[in-house]
Amino acid sequence: MCGIVGYNGSEQAAPILLEGLSRLEYRGYDSAGLAVRNASTPIEIVKAKGRLRVLAEKTNDGEALHGTCGIGHTRWATHGEPSENNAHPHASDDRTVVGVHNGIIENYQELKEKLLRHDYVFYSDTDTEVALKLIHYYMGKYAGGPVDSIARAMTRIRGSYALAVMFAEYPDEIFVARKDSPMVIGVTDGACYIASDVPALLKYTRSVYYIGNQQIARLGKGTVSFFDIDREPVSVEQTEVKWDAEAAEKGGFEHFMIKEIHEQPKAVRDTLHSLIKEDHIDLSGTGLTDEDLRKYERIHIVACGSAYHVGLAGQYIIEDLARMPVRVELASEFRYRNPLLTDRDLVIVISQSGETADSLAALRLAKEKGIETLGIINVIGSSIAREADHVLYTLAGPEIAVATTKAYSAQLAAVYVLAVQAALIRGCIDEEKYKELLNEMEQLPAKMERVLEDKERIQWFAAKYSNARDMFFIGRGIDYAISMEGSLKMKEISYVHSEAYAAGELKHGTISLVENGTLVVGVCTQNHLFEKTRSNMVEVKSRGAYLMGLTNYGNYSIEDTADFTVYIPRTDAHFTTSLAVIPLQLLGYYLSVARGLNVDKPRNLAKSVTVE
Ligand code: F6R
């Protein structure tokens, strides 16, 4: 999704803005631009289609643009094709209002028609140009200044936005507004910084303000004040970011994705240690009590993409351990389905970013219906974290690669803890079993490290199959949930067509796609289902498939069937996802590398999907 940065201080702004944008590259973009000025100079705008380096070349790494106050943007096209003309910053025709925007303005057509009636003309296809010209219109009509005109525009705009705006008549200030799109503000001695996400600020400060929904901020050189939509001053708390800057660097790895794959044991260890204290699960930080866990009759897990796959695994685990009915649903479906919810239900929204538009909308729907909500979230202070009744923070640290790995693993760990605690409280397991499960969980990080040691074999296999065109991942029960995640990793970063199937379902149609050489990965970590899945593997092999098996150490009979096998250490059957997912992440990663693709920033994808 689009990235916004801003700087207002005493240094030259453009190099700082370019550096900030480079930290947001992982969000995905197709064009970029800067607007910079000094107190006595007009606002200068430079834009470029394509990668950030094109913009850097055009501005001589920012040196060619003079000014100590500026805003920058990377655009991920929603309204209008990727082009220099549609790239941000956008401006009113007299260039007195210049701004950048992240989000989607749903009623932009209606607003555009209003402005056309007032003789405005439009040079781009973007909703952003409409928003800025609306602010310009109110500046002229009411002459109430920037905060007033932005607030008036906000009352007319429907949709989501994070806006950073400069006004010709207010040379030493930047104005920011947001609704349902993330925006962070950093203030140091003599300077202010703006960014869509924390990694762009870490180099300068860890003290940040998360501007609230439907609020406006006025940034001077080292000062910030906040207003609500009625233009009344409001106070916003300063928050200390705990992530260190190094966590957002590659640290010697070739790509963020492989670095983050290696950080998974730590992400899981840190998350577990924040929830397990003195051999007992402690959910007090989330606000969830034992009484709550006893009271809920049903759980709905709502999420998108990989977070949804965590939910799918969670469904098997929670239902089996805590004997509670769990329904898992894609947030984009849940939000428009008028779901049947009762006041004894709990809606769990899982999200790394905490900003995914569909997940946020699903959370709001549940809250509107008066249902209790829990967010399992990685980004502290994000919208879902702020709006959910209860929050369980995963401690994966900043995740930069577009394809999630460590956040997924940390989310799984969080789900295990919830499942085990609910199982104990609801009397489904005794204290002895509880201790045994905690002990198994504690051992997961070390076992994950062991799986990582086997990476060369997977690298070799991926290189051998780098020309694969179609792939299938099959498994039953939890192994089906793992297959879904393995298949998504393959599609998103390696661009190999792949499908995940419940192994028993293949023969109801899909098996007709299997032909000589089709690669099929059989996931068999659930011992009670091992023989069943293995016989499905035999079925595809007899139709010419090349088989990769993924199972626990000890299940060596799989070698009678599979052409290549990867083993994972044994653990409790409920927790195998944490180990089995790693070889599948590595397979996707190494295949993408072998094909020479942009692993960390796959085409068409964005890290944080803040539009519908
Ligand atoms: C896949 C991936 C996406 C995200 C999905 C939800 O590797 O990263 O499928 O899982 O977009 O994002 P969050 O967790 O930020 O809500």
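Note that the coordinates shown come from a computational prediction; the quantities given were computed from them, not determined experimentally.

1. Brief notes about the domain arrangement of the protein chain
Working step 1: For the protein chain, the domain assignment lists domain 1 (3-241), domain 2 (250-452) and domain 3 (455-594).
Working step 2: The distance between the C-alpha centroids of domain 2 and domain 3 comes to 25 Å.
Working step 3: Contacts between the two partners involve 35 residues from domain 2, matched on the other side by 30 residues from domain 3.
Working step 4: Together domain 2 and domain 3 conceal approximately 2,900 Å² of surface at their shared face, both sides included; 69% is due to carbon and sulfur atoms.
Working step 5: When residues of domain 2 are sorted by the area they lose upon contact with domain 3, H309, Y316 and V451 head the list and together hold 19% of the total.
Working step 6: One can count zero salt bridges joining domain 2 with domain 3.
Working step 7: Remark: the boundary between domain 2 and domain 3 carries 13 residue pairs in polar contact (both at pLDDT 80 or more).
Working step 8: The set of elements that each furnish at least two residues to the side of domain 2 that touches domain 3 consists of α6 (256-262), α9 (305-322), α13 (406-425) and α14 (431-452).
Working step 9: In terms of residue class, the side of domain 2 that touches domain 3 is built from 20 nonpolar, nine polar and six charged.

2. What to know about the sheet that holds strand β14 (residues 233-234)
Working step 1: Read from one edge of the open sheet, seven strands run β5-β6-β7-β8-β12-β13-β14, paired in antiparallel fashion. The open sheet has two free edges, formed respectively by β5 (90-91) and β14, since each of these has just one partner strand.
Working step 2: Two elements, β5 and strand β6 (residues 97-102), share two bridges in a ladder whose sense is antiparallel. When the sheet's bridge partners are listed, H90 is paired in β6 with G99.
Working step 3: Taken strand by strand, helix α4 (residues 127-142) contacts β5, β6 and β7 (161-167), and its axis lies near 140° from that of β6.

3. With respect to the site of the ligand
Working step 1: S351, Q352, S353, T356 and E492 are the nearest of the 14 residues found near the ligand.
Working step 2: Residue S351 places a side-chain N or O atom 2.6 Å away from an oxygen atom belonging to the ligand.
Working step 3: Within the contact set of the ligand, an oxygen atom lies 2.5 Å away from a side-chain nitrogen or oxygen of T356.
Working step 4: Contact with the protein chains removes 90% of the 410 Å² of surface that the ligand exposes when unbound.

Criteria and thresholds
- Residues numbered from 1 in each chain as written.
- Predicted model: local features only at pLDDT ≥ 70, side-chain atom pairs only at ≥ 80, totals over all residues.
- Heavy atoms only, no water.
- Domains from an automatic or database assignment.
- Contact = heavy atoms within 4.5 Å.
- Buried area = accessible area lost by both parts, 1.4 Å probe.
- Salt bridge = Lys/Arg side-chain N within 4 Å of Asp/Glu carboxyl O.
- Polar contact = N/O pair within 3.5 Å; in protein donor to acceptor, adjacent residues only side chain to side chain.
- Helix = DSSP H or I, 4+ residues; strand = E, 2+ residues; numbered from the N terminus.
- Nonpolar A, V, L, I, M, F, W, Y, C, P; charged D, E, K, R; others polar.
- Pairing = 2+ DSSP bridges.
- Axes fitted to C-alpha atoms, helices over the stretch in contact; angles between N-to-C directions.
- Near = heavy atom within 4 Å.
- Areas by Shrake-Rupley, 256 points an atom, 1.4 Å probe, with all protein chains shown as cover.

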